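This is what each chain is made of:
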Amino acid sequence: LSPHLTIYSTQISSGLSIFHRMTGVILAGSILLAIPAILAYTFFANDITIDFELFYPILFVVMGAISYHAANGIRHFIWDTGAYVSTEGVKTTAILLAALAASFFIALLYVLS
């Protein structure tokens, strides 16, 4: 482990950054798994059945990752302008990030239902 992990206390920005990286890994992994699945379904459509008890939880996790990752991307675009880079700004945008990610998630649920 890096020595800085034992020296510094956990901050909101570091937690959100770690979660942003985790959602990026989830999205990259889902793309890497989706491509062979789409190809298999294309070539062997008659022989493949989809187990929806397994599919829906995976879709739920991927939709959550998309929602959070997109909302945090917008947050980073705002930071690139130089706005809300202070300690208080990070806390403010963390609250807005949670609200925006939740609204993205609800919108995705509505669109896909």
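To keep things clear, this report deals only with the structure shown in the data block. One numbering rule holds for all chains: residues counted from 1, following each sequence as written. The model is predicted, so local features are restricted to residues of pLDDT at least 70 and side-chain atom pairs to those at 80 or more, both for listing and for counting; the totals for chains, interfaces and linings are taken over all residues. Note: side-chain values were computed over all heavy atoms of the structure, leaving out hydrogens and water.

All right, on to helix 4 (residues 87-112) then. For the purposes of this entry, the term helix denotes a DSSP run of H or I that reaches at least four residues, the term strand denotes a run of E that reaches at least two, and both are numbered from the N terminus. Take the number of residues in a helix, subtract one, and multiply by 1.5 Å to get its expected span. A rise of 1.5 Å per residue sets the reference length of helix 4, with its 26 residues, at 38 Å; its end C-alpha atoms lie 37 Å apart and thus fit the reference within 8%. Listed in full, the buried residues belonging to helix 4 are Gly89, Val90, Thr93, Ala94, Leu97, Ala101 and Phe105. Whether two residues touch is decided by their heavy atoms; if any such pair falls within 4.5 Å, the residues are in contact. Buried positions along helix 4 lie against helix 2 (12-43) and helix 3 (52-80). A 1.4 Å probe rolled over the protein chains alone gives each residue an accessible area, and that area as a share of the maximum for its type sets the label: buried under 20%, exposed over 50%, partly exposed in between.

Right, let's get into the nonpolar core. In terms of nonpolar packing, the biggest core is built from 6 residues, these being Leu16, Tyr68, Ala71, Ala94, Leu97 and Ala101. For this core, the secondary-structure elements that each account for two or more residues are helix 3 and helix 4. Ranked by residue count, the leading element in this core is helix 4, at 3 residues. With residues up to four places along the chain from it excluded, the contact list for Ala71 reads Leu97, Leu100, Ala101 and Phe104. The criterion is simple. A nonpolar core is a set of buried Ala, Val, Leu, Ile, Met, Phe, Trp, Tyr and Cys residues joined through side-chain atoms within 4.5 Å.

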